[in-house]
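So the chains spell out like this:
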Amino acid sequence: MIFSVDEIAEIAGAKLACGSGSQKVERIIVRAANAAALPNSIYFDLKRFKDPARPLHRMYDMGVRVFAVRELPEDLDYFSDAVFLVVESIPTAINLVVNEIIARYQGTIVAVPQRGGNCCLKD
């Protein structure tokens, strides 16, 4: 499912702090420690204890250009072509976006808990 950054901002109640709201997002990343960053991903910065010391930098260096954060990084110039959405609560924003994905999804949803509690959508 593809969303524009503007759509995600509206769904999550986020403020577009910098960058273009027309950029497209196809994937959600919530863990930088084992993420395989792919084009058109959004990284929700949960600041988990198992994430690398600088997860925003790691994701940016891997090609992610859309970030949802509670506050902008101090070295914002480093992220020259990135889009930042500022939210009050990262977990709430993730839930709102995932709920919207599920609401729009046309296939059958099968929740198969995997290691770490991950689930997948299945046609």
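A brief structural summary. Bear in mind that the values here come from a model prediction, so they are computed numbers and not experimental data.

### Comments concerning the pattern of salt bridges
Item 1. Taken as a whole and assessed by the stated rule, the structure comprises five salt bridges.
Item 2. Of the charged contacts, one joins Arg104 and Glu100 as a salt bridge, the two residues approaching to 2.7 Å between their closest N and O atoms. With Arg104 and Glu100 both in helix H3 (residues 90–104), this residue pair falls four residues apart, about one helical turn.
Item 3. Given a relative accessible area of 33%, Arg104 falls into the partly exposed group.
Item 4. Bridged by salt links that share partners, the residues Glu7, Glu100 and Arg104 form one connected network.

### A short note on the sheet that holds strand S7 (residues 83–86)
Item 1. Here we have five strands laid out as an open sheet, ordered S2-S7-S6-S5-S4, and mixed in their pairing. Edge positions in the sheet fall to strand S2 (15–18) and strand S4 (27–29), since each has one partner strand and no second. Within the sheet, the average angular offset between the axes of one strand and its neighbour, ignoring direction, is 25 degrees.
Item 2. Of the strand pairs in this sheet, strand S6 (residues 66–69) and S7 are connected by four bridges, and their pairing is parallel. Within the sheet, the bridge partner assigned to Val66 lies in S7 and is Val83.
Item 3. This element, helix H1 (residues 5–12), spans S2, strand S5 (41–44), S6 and S7 of the sheet and lies at about 10 degrees to S7.
Item 4. Along the sheet, H3 makes contact with S4, S5 and S6, crossing S5 at roughly 145 degrees.

Definitions and cut-offs
Residues numbered from 1 in each chain as written. Predicted model: local features only at pLDDT ≥ 70, side-chain atom pairs only at ≥ 80, totals over all residues. Heavy atoms only, no water. Salt bridge = Lys/Arg side-chain N within 4 Å of Asp/Glu carboxyl O. Helix = DSSP H or I, 4+ residues; strand = E, 2+ residues; numbered from the N terminus. Buried < 20%, exposed > 50% of the residue type's maximum accessible area, 1.4 Å probe, protein only. Pairing = 2+ DSSP bridges. Axes fitted to C-alpha atoms, helices over the stretch in contact; angles between N-to-C directions. Contact = heavy atoms within 4.5 Å.

These figures come from the coordinates and say nothing about function on their own.
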